[in-house]
Structures are given as C-alpha cells and as structure tokens.
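Here is what each chain is made of, one letter per residue.
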Amino acid sequence: MRVKLLEAAEKDIEEGYRFYEKQAPGLGSYFLDSLFSDIDSLAYYGGIHQIIFNHHRLLSKRFPFAVYYQVDEDIVLVKAVLDCRRHPSWMRKKLV
C-alpha cells in the first residue's frame, strides 16, 4: 500500500517537532525519525489497528502520539497525528 500524509497531519507533525526541539536540541529530529518510522510501517500494516473516532489509530512506539488514518483501497490516508495527552473531545474535533 501507499501512504499519503494529508496537510493537516503534516502540520500536526511540525507542531510536535517544534515542541520537542524546545525541550532539548536534537529531540525534535529524533521525534521526526521515530514518527516517520511508525508511519512508514503503515505501508505493510495499514488497516490492522483499532478503530477510534471512525479512524484507525496507530500508537507511536516512542512518543505519546497517535496516528489516525483511513484505508481507501490501496492507499493509507494519514489524517492526523495527535498528542495523546490532549483531552479526547479535542481529538474528536480534530478528526471531524
């Protein structure tokens, strides 16, 4: 399958990068490497994750972030990459 990041997901990732880069120099880059590794795995494992808020949810292995996506034939559409420390109602609004 092909993996496609939507613009909203790219913005979410950028916000996460900025947050972690402020915490410690280089941590933002590690965040990106880790998160893109998780997202790349969707090419093989897209569609097997639990459905939350009408989207499949992949939990990041290293950071408290979740990748919300939908599978459309042979394309995995990454809709959002959200911080799991946020309130669930905030996440639901982001996914509508």
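Here's what I pulled together on the structure shown here. Bear in mind that the values here come from a model prediction, so they are computed numbers and not experimental data. (Residues numbered from 1 in each chain as written. Predicted model: local features only at pLDDT ≥ 70, side-chain atom pairs only at ≥ 80, totals over all residues. Heavy atoms only, no water.)

Attention now goes to the overall build of the protein. Check the secondary structure of the protein and you find 4 helices and 5 strands. Each helix and strand of the protein, placed in order from N terminus to C terminus, yields the pattern β-α-α-α-β-β-β-β-α. Here the C-alpha radius of gyration of the protein, 13 Å, is about what a compact globule of 96 residues would show, namely 12 Å. When its C-alpha atoms are laid out on the principal axes, the protein stretches across 40 × 30 × 20 Å. Counting over 96 residues, the protein shows a buried share of 38%. Intrachain contacts of the protein at a sequence separation of at least 6 include 45% that bridge at least 24 residues. Working note: accessible area of the protein is about 6100 Å², and carbon and sulfur atoms make up 51% of it. Looking at the protein, you have 14 positive and 13 negative side-chain charges, and the mean spots of the two groups are 7 Å apart. (Helix = DSSP H or I, 4+ residues; strand = E, 2+ residues; numbered from the N terminus. Rg over C-alpha atoms; globule rule 2.2 N^0.38 Å. Buried < 20%, exposed > 50% of the residue type's maximum accessible area, 1.4 Å probe, protein only. Contact = heavy atoms within 4.5 Å. Areas by Shrake-Rupley, 256 points an atom, 1.4 Å probe, with all protein chains shown as cover. Lys, Arg positive; Asp, Glu negative; His and termini not counted. Charge placed at Lys NZ, Arg CZ, Asp CG, Glu CD.)

Before going further, it helps to examine the pattern of salt bridges. Pairing of side chains with opposite charge becomes possible as their charged atoms draw close. Applying the stated rule across the entire model yields 5 salt bridges. In this structure, the salt-bridge partner of Glu14 is Arg18, at a minimum N-O distance of 2.9 Å. Separated by 4 residues within a single helix, Glu14 and Arg18 lie in helix 1 (residues 7-23), roughly one turn from each other. Close ionic contact of Arg85 with Asp83 constitutes a salt bridge, the shortest N to O distance being 2.8 Å. (Salt bridge = Lys/Arg side-chain N within 4 Å of Asp/Glu carboxyl O.)

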